[in-house]
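Summary of structural features
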Amino acid sequence: MTASSNHIRVGILGASGYTGAELIRLLAQHPSTRITLLTGDRAAGKPLGEVFPHLAYLDLPVLTKIEDADYSQCDLVFCALPHGTTQEVIAALPTHLKVVDLSADFRLHDVDTYAEWYGHAHLAPDLQKEAVYGITELARDAVAKARLVANPGCYPTAAQLPLVPLVEADLIDADDIVIDAKSGVSGAGRAAKEGSLFTEVTEGIHAYSVAKHRHAPEIEQGLTKAAGRPILVNFTPHLMPMSRGILSTTYVKLAGGASPADLREAIASRYQGEPFVRALPMGQVPATRHVRGSNHTLIGVVADRIKGRAIIVSAIDNLVKGASGQAVQNMNVMAGLPETTALMQPPMFP
Ligand SMILES: NC(=O)C1=CN([C@@H]2O[C@H](COP(=O)(O)OP(=O)(O)OC[C@H]3O[C@@H](n4cnc5c(N)ncnc54)[C@H](OP(=O)(O)O)[C@@H]3O)[C@@H](O)[C@H]2O)C=CC1
Ligand SMILES: CC(=O)N[C@@H](CCC(=O)OP(=O)(O)O)C(=O)O
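Residues numbered from 1 in each chain as written. Chains lettered and ligands numbered in written order. Predicted model: local features only at pLDDT ≥ 70, side-chain atom pairs only at ≥ 80, totals over all residues. Heavy atoms only, no water.

**Some thoughts on the UniProt feature "domain: Semialdehyde dehydrogenase NAD-binding" (unreviewed entry) in the protein chain**
- UniProt's feature table lists "domain: Semialdehyde dehydrogenase NAD-binding" (unreviewed entry) at residues 9-146, given in the numbering used throughout.
- Helix makes up 32% of residues 9-146 and strand 16%, and the two end C-alpha atoms of the span are 17 Å apart. (UniProt positions renumbered as here; feature names shortened; annotations may be inferred. Helix = DSSP H or I, 4+ residues; strand = E, 2+ residues; numbered from the N terminus.)

**Some remarks on the sheet that holds strand β2 (residues 33-39)**
- Pairing is parallel across the open sheet formed by 6 strands, whose spatial order is β2-β1-β3-β4-β6-β5. Taken across any chain shown, the strands that pair with only one partner, and hence form the sheet edges, are β2 and β5 (132-133).
- Of the strand pairs in this sheet, strand β1 (residues 8-13) and β2 are connected by 6 bridges, and their pairing is parallel. Each bridged residue has a counterpart across the sheet, and for Ile 12 the counterpart in β2 is Leu 38.
- Docked against the sheet, helix α1 (residues 18-27) engages β1, β2 and β3 (76-79), running at close to 160° with respect to β1. (Pairing = 2+ DSSP bridges. Contact = heavy atoms within 4.5 Å. Axes fitted to C-alpha atoms, helices over the stretch in contact; angles between N-to-C directions.)

**With respect to helix α11 (residues 320-334)**
- Between its terminal C-alpha atoms α11 stretches only 18 Å, short of the 21 Å expected from 15 residues at 1.5 Å a residue.
- Its axis deflected by about 45° at Gln 326, α11 carries its strongest bend there.
- With respect to burial, α11 is a largely interior element, 15 of its 15 residues being buried.
- The first or second residue beyond α11 is Gly 336, which carries a positive phi of 70°. (Expected span 1.5 Å × (residues − 1). Bend = angle between axes of the 7 residues up to and from the residue. Buried < 20%, exposed > 50% of the residue type's maximum accessible area, 1.4 Å probe, protein only.)

**Details of the site of ligand 1**
- Taken together, 28 residues lie around ligand 1, and Ser 16, Thr 19, Leu 81, Arg 190 and Asn 318 are the ones closest in.
- At 2.9 Å, a backbone N or O of Ser 186 approaches a nitrogen atom of ligand 1.
- Note that an oxygen atom of ligand 1 is positioned 2.8 Å from one of the side-chain N or O atoms of Asn 318.
- Coverage of ligand 1 by the protein chains reaches 84% of its 920 Å² of free accessible surface.
- Where the shell around ligand 1 is concerned, the elements lending two or more residues are α1 and α11.
- Each residue belonging to the shell around ligand 1 can be placed in one class, and the counts come to 12 nonpolar, 12 polar and 4 charged.
- Counting contributing residues, the shell around ligand 1 receives three or more from each of domain 1 (8-152 + 322-335) and domain 2 (155-319). (Near = heavy atom within 4 Å. Polar contact = N/O pair within 3.5 Å; in protein donor to acceptor, adjacent residues only side chain to side chain. Areas by Shrake-Rupley, 256 points an atom, 1.4 Å probe, with all protein chains shown as cover. Nonpolar A, V, L, I, M, F, W, Y, C, P; charged D, E, K, R; others polar. Domains from an automatic or database assignment.)

**Remarks on unusual backbone geometry**
- A cis geometry characterises the amide bond from Phe 349 onward to Pro 350, with omega recorded as -5°.
- Within the secondary structure, Pro 350 is located in the segment after α11.
- Here Ala 342, not a glycine, exhibits a phi torsion of approximately 70°, which is positive.
- Tracing the sequence through the fold places Ala 342 in the segment after α11.
- With relative accessibility at 12%, the residue Ala 342 sits in the buried group.

**Some points on the packing of helix α7 (residues 154-168) against helix α9 (residues 215-227)**
- It is at 9 Å that the axes of α7 and α9 come closest, and there the two elements cross at 20°. On the basis of their axis angle, the class for α7 and α9 is roughly parallel. The interaxial crossing formed by α7 with α9 has right-handed handedness. Facing Cys 154, Tyr 155, Pro 156, Ala 159, Gln 160, Leu 163, Val 164, Val 167 and Glu 168 of α7, the residues of α9 in contact are His 215, Glu 218, Ile 219, Gly 222, Leu 223, Ala 226 and Ala 227.
- The residue makeup of the contact of α7 with α9, split by class, is 11 nonpolar, 3 polar and 2 charged. (Parallel < 35°, antiparallel > 145°, perpendicular 65-115°, else oblique. Left-handed = near helix turned anticlockwise from the far one by under 90°.)

**With respect to the environment of Thr 236**
- Note on placement: Thr 236 falls in strand β9 (residues 234-239).
- Taking the C-alpha atoms as reference points, Thr 236 and Lys 212, 24 residues apart in sequence, are found 8.5 Å from one another.
- The residues contacting Thr 236, other than those within four sequence positions of it, are Ile 179, Asp 180, Ala 181, Ala 207 and Val 210.

**Points about the environment of Ala 258**
- Position of Ala 258 relative to the elements: it lies in the loop between β10 (246-254) and α10 (260-270).
- The class for Ala 258 is buried, based on a relative accessible area of 11%.
- Taking the C-alpha atoms as reference, Ala 258 lies 8.5 Å from Gly 308; in sequence the two are 50 residues apart.

**A closer look at the pattern of salt bridges**
- Here the structure, examined in full by the defined rule, presents 15 salt bridges.
- Lys 65 is the salt-bridge partner of Asp 41, the closest N and O atoms lying 3.0 Å from each other. Linking Asp 41 in the loop between β2 and α2 (48-51) with Lys 65 in the loop between α2 and β3, this pair joins segments that are 24 residues apart in sequence.
- On the accessibility criterion, Lys 65 (30% relative accessible area) is partly exposed.
- Ionic pairing is found between Arg 140 and Glu 274, a salt bridge with its closest N-O pair at 2.7 Å. Placement of Arg 140 in helix α6 (residues 136-145) and of Glu 274 in the loop between α10 and β11 (277-279) is noted, with a sequence separation of 134 residues between them.
- When salt bridges that share partners are traced, they join Glu 22, Arg 25, Arg 244 and Asp 317 into one network. (Salt bridge = Lys/Arg side-chain N within 4 Å of Asp/Glu carboxyl O.)

**Description of the site of ligand 2**
- Around ligand 2, 16 residues are found, and the nearest of them are Arg 107, Cys 154, Tyr 208, His 213 and His 215.
- A distance of 2.8 Å separates an oxygen atom of ligand 2 from a polar side-chain atom of Arg 214.
- At 2.5 Å, a side-chain N or O of His 215 approaches an oxygen atom of ligand 2.
- Calculation on ligand 2 without its partners gives an accessible area of 440 Å², and the protein chains cover 84% of this total.
- For the shell around ligand 2, the class distribution of residues is 7 nonpolar, 7 polar and 2 charged.
- Each of domain 1 (8-152 + 322-335) and domain 2 (155-319) gives at least three residues to the shell around ligand 2.

So, in structure tokens, the structure goes:
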């Protein structure tokens, strides 16, 4: 990557949203980046501190409209725009830029599957062919060579990290996977919507997009690759009265004579030496408060009471490993920097 004065010059499109703010928070600790461009839509024209007072102490450019962005000031762009708005924006970017897209716009390799789940034809099918789906631990070599990384969704990150090694090794029945996941409300973004109102989300939980959430095909794409044959999953997301975090509880049937301890061992050895993915001791399960504000994924495996079955619980922060943290991790890999740079903050417990 070309970088001026030994710094990667970074632009953030959608800097006035939740994942944009989280990118800025993380990059504020990064010794090798300099933020040279921030865009907003409603917030365009404002200094960042007016939108996010907690970031006002940073010396950063004023938010601009995407149409007015000066990309000659950037080496890499994070795109943190709503899905559906990103394909045309990225297709129009100068080709000298590397891109990490946090939206869902380039995650599904098959454009027909994209059209089926997102309700419109893909607007940049040629670019889709070069996009690398970037769960960093599962695609590091491809991410290192990529110009465009499709940063994975939050639920798909929490689901695939434990499941991919198990499906690859045939330790579970890949045709019998039930993923029951819960998210904090920041997962829905900062734009006002009825479903995110305090009265709608507090003192209760609810399932949504039951049997039709667009993260199901994203998870299935990863598991299909791991299995070498088409895999479908049951996936149900729930909205929790908390601002951050994802807890994904997955119910599996053991295969090939594997024990629940074998599952834990396969996950632990697959991620041995990985700084951000950890298998807990057998029988222990993580909670979202263990990963709040951190880029870690914690995974627990428990033997079910029903013989031949196991329960896997994974926890991430949706805004960090589920979005901006993994995006910075991918940028580090793309730039040949130590992968943990700016990402080793301990969780904000409790
Ligand atoms: N929140 C999460 O946990 C996760 C989010 N993602 C994905 O990351 C992306 C960003 O999410 P998030 O930060 O939560 O979203 P937000 O709604 O919080 O922020 C969206 C940003 O995009 C800008 N924007 C909105 N519409 C347009 C438009 N038409 N043209 C230009 N800019 C626009 C907004 O500007 P303004 O506010 O000034 O109008 C804001 O800066 C989304 O695709 C989301 O699905 C992925 C994983 C997890
Ligand atoms: C709580 C909540 O609403 N979560 C979002 C997913 C967040 C995410 O990862 O979204 P993208 O795939 O768009 O990037 C949802 O269910 O649509």
